[in-house]
Amino acid sequence: MSFESERYPSNFISNIIESDLKAGKHGGRVATRFPPEPNGFLHIGHAKAICLNFGLARDYQGTTNLRFDDTNPLKENAEFMNTMREDISWLGFQWSQETKASDYFEQLFEFALDLIGKDKAYVDSLSAEDIRTYRGTLTEPGVNSPYRDRSVEENLQLFQDMRAGVFPDGAHVLRLKIDMAAANINMRDPAIYRIRHAEHHQTGNQWCIYPLYDYTHCISDALEGITHSLCDIGFEDHRPLYDWVLDQLQLPVHPQQIEFSRLNLKYTVMSKRKMKQLVEQQLVEGWDDPRLPTLAGLRRRGYAPAAIRDFCRRIGVAKSENNVELALLESCLRENLEGNAPRAMAVLDPLKVIITNLPEDQAETLRVANHPKNAAMGERSVPFTRELYIERADFRLEANRKYKRLVLGGEVRLRGGYVIRADEVRMDDQGEISELHCSYDAQTLGVNPPGRKVRGVIHWVSSSNAGAVIFRRFEPLFSVAYPDSGDSKYTDLMNPDSLTELSGFLENWLLETPAGSQYQFERVGYFTRDSKERADKVPVFNEVVGLRDSWAKINTE
RNA sequence: UGGGGUGUCGCCAAGUUGGUAAGGCACAAGGUUUUGAUCCUUGCAUGCGGGGGUUCGAGUCCCUCCACCCCAGCCA
């Protein structure tokens, strides 16, 4: 994919950037940042933000920092920082600088002192509950804390003592002095520092007071010279606070916060909290379960980074609520895989076939193209032998004209090989078809038989090179489009068929294939070797996405 | 009953100063095809939440309704 083709289509943020550039704002500089809190796994919703921040910066020759927003030591740890770096790199982006909010703790403290000195912040000694009560409600104004008028000197002393560890958790809090009657609740003297005698994964026990998001984020942005600070639409009514803080302080730049709506994907959940529950209640295998929209899960599922980037570009950027269909994601995947994935054959639900007119000791080696349109992908050898496997669904005792596969007495072509005719069916004790006896037409390799039309082509695997594996096919994790809404608990709405395991065969050279490289199993879908090994060592192949299947539509009509 | 947002095709989403509704996905119908895949062609909003108004002309301006989303963490 070329650089230019990944460029973002016109959107309200690129419009802002362009008019800023035109106006010479920030000296024509564009600087963004991606600021995850290291408290969980990144998912495809984050991918939207990552692609936007890095993509827009790239489109305008700007820079993007990776900043860990680590102001809450109780919820965060350094492990998550590692997986986040891996996920972002895997997605295909390189950050200009890696920073942490904790890098700025000392400066943040100094700025707080400055605010106290300007009588713009004060130490409040109300309990958490009282603060909530004093805050008022959505429709009623709040009332001033009795501690709001402490002297600058007293505030300074108290705040220094807070840092010094004189007080227990919750004893005091540093608040901005704005307006308790503000219609915007965020402006009713928000807390900006709390006491937490907790060890921080970066700063150890250096601090026992930690700054809060609203205070930290804007200053961190400004300190880094960020020009456009993109964030979730949920922060829209925090913007006045973002601007207020920066307006009080001497900082090199005043970044513009721009909010865009988060990604919602149908048939799945996008919140870290809910995914965490699925993992903890073992409703999925783990954070990298291929059914989860985490980047780790998508990677294990076999999604290519370029396909995810393409998806993020195609969903666009706006401020309206959105619920993107899975079909769009799948379309991006197929488009990416169609040209890149070498073809192979695999039989997921095998039915044994005996080619009765082929002697047991005869093995012919067929040469089959690895891609129908790209000769550069070469070809491979596929043995054609007396015993082989075809897909159970590719044979019927009888069927109507719409069915283009094998029926008793009918003909079909083996992909890359000969035309065969089904002569006889063997049943087992349960009345299940256990074996098919067929004969092949030796005159049909590479040519159509004279006078007859063979309508169908089916895939197959010779038992002489059949590797036994487990195929995993996936369906959406939830059986309803909006598991988050409605009366039912989302865990009750999980799709019982989200995972199907099948035991079958594939061309055995695929056994040597590494996790993460995708192949198209012809007529079935795209698959990749699973990165996790099973206890019984049986290889597992995950389905990335199925092929479009117009027969399935006809068949269910 | 406060504040902040959003409403353009089934799902996303363009639509710079008003000039006569992009594109993608999905869907439908044909064609090609040793993958019922791919590919190709064609179709798919007299209308932009509703109603008024301004204008020669409005998705774009004004008025007015309506619907939906977010906000009362010492989380981010």
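Here, residues in each chain are numbered from 1, in the same order as that chain's written sequence. Starting at A for chains and at 1 for ligands, labels are handed out in the order in which the entities are written. Selection of residues for local features in this predicted model requires a pLDDT of at least 70, selection of side-chain atom pairs for listing and counting requires 80 or more, and totals for whole chains, interfaces and linings are taken over all residues. The basis for the side-chain values is all heavy atoms of the structure; hydrogens and waters are excluded.

Peer 1: Any details on the sheet that holds strand β15 (residues 387–391)? Residues and values, ideally.
Peer 2: Two strands qualify as a pair provided that DSSP identifies no fewer than 2 bridges between them. For the purposes of this entry, the term helix denotes a DSSP run of H or I that reaches at least four residues, the term strand denotes a run of E that reaches at least two, and both are numbered from the N terminus. The 7 strands are arranged β21-β18-β19-β20-β12-β15-β22 in an open sheet whose pairing can be described as mixed. Each edge of the open sheet is held by one strand with a lone partner, namely β21 (457–458) and β22 (460–462). Across 5 bridges, strand β12 (residues 350–355) lies against β15 in antiparallel orientation. When the sheet's bridge partners are listed, Ile-354 is paired in β15 with Glu-387.

Peer 1: Outline unusual backbone geometry, listing residues and values.
Peer 2: The phi dihedral of Asp-189 is positive, around 45 degrees, even though this residue is not glycine. Inspection of the secondary structure puts Asp-189 in the loop between β5 (173–176) and β6 (191–195). A positive phi angle is found at Lys-537, which is not glycine, with a value near 65 degrees.

Peer 1: Can you tell me about helix α4 (residues 105–117), naming the residues and giving the values?
Peer 2: One fewer than the residue count of a helix, multiplied by 1.5 Å, yields its expected span. In this model, α4 (13 residues) spans 18 Å end to end at C-alpha, consistent with the 18 Å of a helix rising 1.5 Å per residue. Three exposure classes are used, based on accessible area relative to the maximum for each residue type with a 1.4 Å probe and protein chains only: buried under 20%, partly exposed in between, and exposed over 50%. Listed in full, the buried residues belonging to α4 are Phe-105, Leu-108, Phe-109, Phe-111, Ala-112, Leu-113, Leu-115 and Ile-116. Looking one or two places after α4, you find Asp-119, whose phi comes out positive at around 60 degrees.

Peer 1: For the environment of Pro-476, give the residues involved together with the corresponding values.
Peer 2: Examined against the element boundaries, Pro-476 turns out to sit in the loop between β23 (466–474) and β24 (499–507). The spacing of Pro-476 and Asp-497 is 21 residues in sequence and 8.3 Å in space, taken between C-alpha atoms. When neighbours within four sequence positions are excluded, Pro-476 is seen to be in contact with Tyr-267, Leu-326, Asn-495 and Ser-498. Any two residues whose heavy atoms approach within 4.5 Å are treated as being in contact.

Peer 1: Could you give an account of the pairing of strand β25 (residues 518–521), with specific residues and numbers?
Peer 2: Taking every second residue as pointing to the same face, both faces of β25 are buried, with Gln-518 and Gln-520 on one and Tyr-519 and Phe-521 on the other. Both β25 and strand β26 (residues 525–529) contribute to a ladder of 4 bridges, which runs antiparallel. Pairing of Tyr-519 across the sheet is with Phe-527, part of β26. Count of turn residues in the β25/β26 antiparallel hairpin: 3 residues, of which Arg-523 carries a positive phi of about 70 degrees.

Peer 1: Account for the sheet that holds strand β1 (residues 31–34), naming residues and giving values.
Peer 2: With respect to topology, 3 strands assemble into an open sheet ordered β1-β2-β3, the strand pairing being parallel. This sheet does not close on itself; its edge strands, each paired only once, are β1 and β3 (98–100). Between one strand axis and the next, the sheet turns by 35 degrees as a mean value, whatever way the strands run. Sheet analysis places strand β2 (residues 63–68) next to β3, joined by 3 bridges and oriented parallel. Bridge pairing in β3 links Phe-68 to Lys-100. Geometry is summarised by axes, namely lines fitted to C-alpha atoms with helices restricted to the contacting stretch, and by angles between N-to-C directions that run from 0 to 180 degrees.

Just geometry here; none of it tells us what the structure is for.
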